[in-house]
Amino acid sequence: MATKAKKTALFNYEGTDRKGNKTTGVMNGTNAALVKAQLRKQGITPTKVKKEAISLGGKKGKKITPFDIAIFTRQLATMMKAGVPLIQSFEIVADGLENPTLRDLVLDIKAEVAAGNGFADALSKHPKYFDDLFCNLVGSGEKSGALETMLDKVATYMEKTEILKKKVKKALTYPISVVCVAFIVTVILLIKVVPQFQNMFNSFGSELPAFTQWVVGLSHWMQEYWLIVIASVAAVVFSYKKAIERSEKFRDKIDLLSLKIPVVGAILNKSAIARFARVLSTTFAAGVPLVDALDSVAGAVGNKLYRDAVIKIRDDVASGTQLQYSMKTSGVFPSMAVQMVAIGEESGALDAMLDKVAQHFEDEVDDLVDNMASLMEPMIMSILGVLVGGLIIAMYLPIFQMGNAI
């Protein structure tokens, strides 16, 4: 019969190292005695070991975001560039973190490294926060003896990627949120406001204008079926989210359709090209072979059209075809990007040229997002004007007609 795995917990400890210096940290363990034994193996004499308290609901602190990981990576790179040893860098960075969940994560990684494990191996035990690309790049830095340089490159990549994602989300979120608010306001007006006017119209004793009759009919329908409408909208949103999470074919179809949306499609296209260039530049500069680097790019590019193109490019490059020729035949990369890659291949500075391509398309995404915001504002105001203004006109038309009759 298989034995049941013992549940581990986090323990805060205080102690002294071999040199007599005071040290503190967090370690995983099943009980305090085993944690003390593990600390002694690491050369630390424990003076205090206490199980970390968990707040109500079993959650501690705030959620760790990708931007938090980017900040941690940048701080760690800065410490190591200043000549601070890796273990001490963990302690310094952890002391300055305001998010207790992130602090615990950093101290847990520190404990793993202090126990003799590799930095990349310690990161790979937390796949929720460190993906394969991150771990592979750190592993390359460890093997080449240039970990601080690689951490700096990874931090730059993560910062730029998160900023780009934030801008794309902002461009898509603003119009969607305004349309949702307009829908909610319209429903409230139909359910609460229009019936008040209808009571007044009943005392007129004359036939209502056609537009007003249509709005009143819509109000009656909404009053009767508003729960069904809300439940249907909620069901559609829930089903969409579940389909995105579980169905790869559905995600792929959404990816392809989203690229055809006016303005939004251009933003998504250019952001995908920027991610392609940014990831390929970072991995290739880390000394990763081009074919392996393209594998990482395929997983990070974020769209089916470009993912399939990168996989084809990888196969072509593996068979001896030049990168710039493969990109050209794929038909999804603009000529400027292809030409810059060709120059990089010929000059032996492919990573630098890819970095310039990434910067160029990131700047273009910035401009498109700004232009989209400028275009969307009058469009959204027009939609709100038609919805709310149309309802107001429908309600006041009978009053205007009654005034003319008098």
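Criteria and cut-off values
- Residues numbered from 1 in each chain as written.
- Predicted model: local features only at pLDDT ≥ 70, side-chain atom pairs only at ≥ 80, totals over all residues.
- Heavy atoms only, no water.
- pLDDT = per-residue confidence, 0-100.
- Contact = heavy atoms within 4.5 Å.
- 1 Å grid on protein atoms, 1.4 Å probe; cavity = no way out; pocket = protein on both sides within 12 Å on 5 of 7 lines; lining within 4 Å.
- Points joined across faces, edges and corners; volume = space filled by probe spheres on them.
- Helix = DSSP H or I, 4+ residues; strand = E, 2+ residues; numbered from the N terminus.
- Nonpolar A, V, L, I, M, F, W, Y, C, P; charged D, E, K, R; others polar.
- Buried < 20%, exposed > 50% of the residue type's maximum accessible area, 1.4 Å probe, protein only.
- Arc of directions from axis to C-beta.
- Polar contact = N/O pair within 3.5 Å; in protein donor to acceptor, adjacent residues only side chain to side chain.
- Expected span 1.5 Å × (residues − 1).
- Phe/Tyr/Trp six-rings, centres within 6.5 Å; stacked < 30°, edge-to-face > 60°.
- Lys, Arg positive; Asp, Glu negative; His and termini not counted.
- Salt bridge = Lys/Arg side-chain N within 4 Å of Asp/Glu carboxyl O.
- Axes fitted to C-alpha atoms, helices over the stretch in contact; angles between N-to-C directions.
- Parallel < 35°, antiparallel > 145°, perpendicular 65-115°, else oblique.
- Left-handed = near helix turned anticlockwise from the far one by under 90°.
- Core = buried A, V, L, I, M, F, W, Y, C linked by side-chain atoms within 4.5 Å.

1. Considerations on the confidence of the model for the protein
Next up, step 1: With 92% of its residues at a pLDDT of 70 or more, the protein shows a mean pLDDT of 80.
Next up, step 2: Segment residues 1–5: pLDDT under 50, and zero contacts once partners within four positions in sequence are set aside and those in other chains are kept.
Next up, step 3: Counting interchain partners and residues more than four positions distant, the pLDDT-below-50 stretch residues 54–60 has eight contacts.

2. Topic: the layout of surface pockets
Any empty space left between atoms is shown by rolling a water-sized probe over those atoms.
Next up, step 1: Of the volumes computed, that of the second largest pocket is approximately 390 Å³.
Next up, step 2: Together, 16 residues line the second largest pocket, and Asp17, Thr23, Ile44, Ile87 and Glu91 are the ones closest to its centre.
Next up, step 3: Within the residue set of the lining of the second largest pocket, elements represented by two or more residues are β2 (22–29), α3 (86–95) and α4 (100–114).
Next up, step 4: Looking at the lining of the second largest pocket, its residues break down into five nonpolar, five polar and six charged.

3. What to know about helix α9 (residues 248–258)
Next up, step 1: Taken together, the buried positions of α9 are occupied by Asp252, Asp255 and Ser258. Mapping the buried residues of α9 onto a view down its axis gives an arc of 130 degrees, with all of them on the same face. The exposed residues of α9 that point more than 90 degrees off its buried face are Lys249, Lys253 and Leu257.
Next up, step 2: Each element contacted by the buried residues of α9 is listed here: α10 (264–285) and α12 (304–318).
Next up, step 3: The backbone nitrogen of phenylalanine 250 lies 3.1 Å from a side-chain oxygen of the residue at the head of α9, namely serine 247.

4. Points about α12
Next up, step 1: Here α12 spans 21 Å end to end across 15 residues, near enough to the 21 Å set by a 1.5 Å rise per residue.
Next up, step 2: Inspection of α12 places Tyr306, Ala309, Val310, Ile313, Asp316 and Val317 among the buried residues, and these make up the whole buried set. On an axial view of α12, the arc spanned by its buried residues comes to 120 degrees, and they lie on one face.
Next up, step 3: Contact partners of the buried residues in α12: α10, α11 (290–300) and α13 (323–330).
Next up, step 4: Where α12 begins, the capping side chain belongs to asparagine 303, and its oxygen is found 3.0 Å from the backbone nitrogen of leucine 305.
Next up, step 5: One or two positions beyond α12, positive phi appears at glycine 320, with a value near 105 degrees.

5. A word on the packing of aromatic side chains
Next up, step 1: Throughout the structure, instances matching the rule amount to eight aromatic pairs.
Next up, step 2: Summarising the aromatic geometry, the rings of phenylalanine 276 and phenylalanine 333 are spaced 4.6 Å apart at their centres and angled 45 degrees between planes, so their arrangement reads as tilted. With phenylalanine 276 in helix α10 and phenylalanine 333 in the loop between α13 and α14 (335–347), this pair connects stretches of sequence that are 57 residues apart.
Next up, step 3: By relative accessible area, which is 3% here, phenylalanine 276 ends up buried.
Next up, step 4: Three or more aromatic residues joined by ring pairs form one cluster here, namely Phe72, Phe130 and Phe134.

6. As for the side chain of arginine 275
Next up, step 1: Structurally, arginine 275 can be placed in helix α10.
Next up, step 2: For the buried arginine 275, no salt bridge is present, and the opposite-charge side chain at shortest range is aspartate 255, 8.1 Å distant.
Next up, step 3: Contact partners of arginine 275, with chain neighbours within four places excluded, come to Leu164, Ala300, Val301 and Gly302.

7. Comments concerning the environment of tyrosine 396
Next up, step 1: Within the secondary structure, tyrosine 396 sits in helix α15 (residues 350–405).
Next up, step 2: Accessibility expressed as a relative area gives 36% for tyrosine 396, which makes it partly exposed.
Next up, step 3: Separated by 184 residues in sequence, tyrosine 396 and threonine 212 have C-alpha atoms that sit 8.6 Å apart.

8. As for the packing of α12 against α13
Next up, step 1: At a closest axis distance of 9 Å, the pairing of α12 and α13 adopts a crossing angle of 140 degrees. By the angle between their directions, the pair α12 and α13 is classed as oblique. In this structure, α12 meets α13 at a crossing whose hand is right-handed. Facing α12, whose interface residues are Ala309, Lys312, Ile313, Asp316 and Val317, α13 presents Leu323, Ser326, Met327, Thr329 and Ser330.

9. Points about the nonpolar core
Next up, step 1: In this structure, Phe119 and Phe276 are the most contacted members of the largest nonpolar core, which totals 82 residues.
Next up, step 2: Here this core gets 11 residues from one element, more than from any other, and that element is α15.
Next up, step 3: Residues contacting phenylalanine 119, with those up to four places away along its chain left out, are Leu76, Leu86, Phe90, Ile109, Val113, Val138, Glu142, Leu147 and Leu151.
Next up, step 4: The next biggest cluster of nonpolar side chains, apart from the first, holds 14 residues, and it includes Val187, Met222, Val229 and Ala394.

10. A look at the packing of α13 against α14
Next up, step 1: Interaxial distance between α13 and α14 falls to 8 Å at its minimum, and their mutual angle equals 165 degrees. Regarding the angle of α13 to α14, the classification is roughly antiparallel. Considering how the two elements wind past one another, α13 and α14 form a crossing that is left-handed. In this structure, α13 contributes Leu323, Gln324, Met327 and Lys328 to the contact, and α14 contributes Ala337, Val338, Val341, Ala342 and Glu345.
Next up, step 2: When its residues are assigned to classes, the contact of α13 with α14 shows six nonpolar, one polar and two charged.

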